[in-house]
Amino acid sequence: AHAFGTLVKRHQAGRASLQDSFAVAHGAALGGARPAQGWSLFSPEAEVQRQGINNPLACWRVTQLNARYELCPTYPRLLVVPRAISDAEVQRAAQFRSGARLPVLSWKDPMGPASICRCSQPMVGVAKARSAEDEALLQAAHSPATPLAAMHALRAAHRARGAAAGAVTCIT
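Owing to the predicted nature of the structure, the values given are computational and were not obtained by experimental measurement. (Residues numbered from 1 in each chain as written. Predicted model: local features only at pLDDT ≥ 70, side-chain atom pairs only at ≥ 80, totals over all residues. Heavy atoms only, no water.)

Q: Please explain the overall build of the chain as it appears in this structure.
A: The helix and strand inventory of the chain stands at six helices and four strands. If you take every contact in the chain between residues at least 6 apart in sequence, the share linking residues at least 24 apart comes to 49%. With the model as given, the accessible surface of the chain reaches about 11,800 Å², and the carbon-plus-sulfur share is 60%. (Helix = DSSP H or I, 4+ residues; strand = E, 2+ residues; numbered from the N terminus. Contact = heavy atoms within 4.5 Å. Areas by Shrake-Rupley, 256 points an atom, 1.4 Å probe, with all protein chains shown as cover.)

Have a look at this one:
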């Protein structure tokens, strides 16, 4: 807040410069990385591993469809999609979305089923077009194919924990 306030005051006085920017002022937090090194600060492979996506029991999988940024140039090269959806379905679903920005996983709780996906608007148009592949992808992302027995065990564990703590637990 202090650095931003200082920058605003200098800008209003006509003395702002690039050196006053938040990025430059706080660049030391990145260990003095040079701009060319910025591409190595984030590893998609390490992020997939951290989120537990490589687990064979995970409901998500990594697809290489965007390895050359040809499917969707504004998405990363590694895309995480529901395991129940084939690459062919992913490609068809992308055709139904603006900029081919199909629903893909952005974040997943490594210890649980919570997840956040991102996408652009579907190209429904005035004819109210639909895409079976897009709908299947959304459905698979919304309700991952967790084995029923494991889901019942998870519910029981959450209820037991909630009851022991005196909390109300709601799992669907």
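Here the narrative resumes, following the displayed structure.
Q: What is the right way to look at unusual backbone geometry in this model?
A: Among all residues except glycine, the phi angle is most often negative; among peptide bonds, the trans geometry is most common. We note that alanine 100 has phi near 60 degrees; this positive angle belongs to a residue other than glycine. Structurally, the position occupied by alanine 100 is in the loop between helix H4 (87-95) and strand S3 (104-108). If you check the backbone angles, lysine 128 has positive phi at about 55 degrees while not being a glycine. Looking at the element boundaries, lysine 128 is found in the loop between strand S4 (115-118) and helix H5 (132-142).

Q: Help me out: how do you make sense of the packing of H4 against H5 in this one?
A: The description of two packed helices rests on the angle between their axes and on the distance between the axes. Their axes nearest at 8 Å, the elements H4 and H5 cross at an angle of 110 degrees. The orientation of H4 relative to H5 falls into the category roughly perpendicular. When the axes of H4 and H5 are compared, the crossing they make is left-handed. Note on element contacts: H5 touches H4 through Glu133, Asp134 and Leu137, opposite Glu89, Val90, Arg92 and Ala93. Of the residues belonging to the contact of H4 with H5, the class tally is three nonpolar, no polar and four charged. (Axes fitted to C-alpha atoms, helices over the stretch in contact; angles between N-to-C directions. Parallel < 35°, antiparallel > 145°, perpendicular 65-115°, else oblique. Left-handed = near helix turned anticlockwise from the far one by under 90°. Nonpolar A, V, L, I, M, F, W, Y, C, P; charged D, E, K, R; others polar.)

Q: Hey, could you run me through the pattern of salt bridges in this one?
A: A side chain with one charge may pair with a side chain of the opposite charge, provided their charged atoms come close. One pass over the full model with this rule turns up six salt bridges. The shortest N-O distance in the salt bridge between glutamate 47 and arginine 50 comes to 2.8 Å. You can see glutamate 47 and its partner arginine 50 sitting in helix H3 (residues 44-50), three residues apart, about one turn around the helix. A residue is classified by how much of its surface remains accessible, and arginine 50, at 41% relative accessible area, is partly exposed. In this structure, arginine 97 engages aspartate 134 in a salt bridge whose closest nitrogen and oxygen atoms are separated by 2.9 Å. Placement of arginine 97 in the loop between H4 and S3 and of aspartate 134 in helix H5 is noted, with a sequence separation of 37 residues between them. Using a relative accessible area of 5% as the deciding quantity, one classes arginine 97 as buried. (Salt bridge = Lys/Arg side-chain N within 4 Å of Asp/Glu carboxyl O. Buried < 20%, exposed > 50% of the residue type's maximum accessible area, 1.4 Å probe, protein only.)

Q: When you look at the environment of arginine 77 in this model, what are you seeing that I'm missing?
A: Following the sequence through the fold, arginine 77 ends up in the loop between strand S1 (60-63) and strand S2 (79-82). Along the backbone, arginine 77 and glutamine 64 are 13 residues apart, and their C-alpha atoms lie at a distance of 7.0 Å. When residues no more than four places from it in sequence are discounted, the contact partners of arginine 77 are Pro44, Glu45, Thr63, Asn66, Ala67 and Tyr69. A polar side-chain atom of arginine 77 sits 2.9 Å from a polar atom in the side chain of glutamate 45. (Polar contact = N/O pair within 3.5 Å; in protein donor to acceptor, adjacent residues only side chain to side chain.)

Q: Looking at this structure, how should I read the confidence of the model for the chain?
A: For residues with low pLDDT, the predicted coordinates do not support detailed interpretation. This prediction gives the chain a mean pLDDT of 77; 60% of its residues lie at or above 70. The lowest-confidence element of the chain is helix H6 (residues 148-165), averaging 53 in pLDDT; the highest-confidence one is H4, averaging 96. The low-confidence segment residues 165-172, where pLDDT is below 50, has eight contacts with residues more than four positions distant or belonging to other chains. (pLDDT = per-residue confidence, 0-100.)

Q: Would you mind showing me how to read H5 here?
A: A turn of α-helix holds 3.6 residues, and therefore any two residues three or four places apart point the same way. Burial in H5 covers these residues: Asp134, Leu137, Ala140 and Ala141. Down the axis of H5, the buried side of the element spans an arc of 130 degrees, and every buried residue falls inside it. Summarising the geometry of H5, the exposed residues directed more than 90 degrees from the buried face are Ala132 and His142. Buried residues belonging to H5 abut S1, S2, H4 and S4. (Arc of directions from axis to C-beta.)

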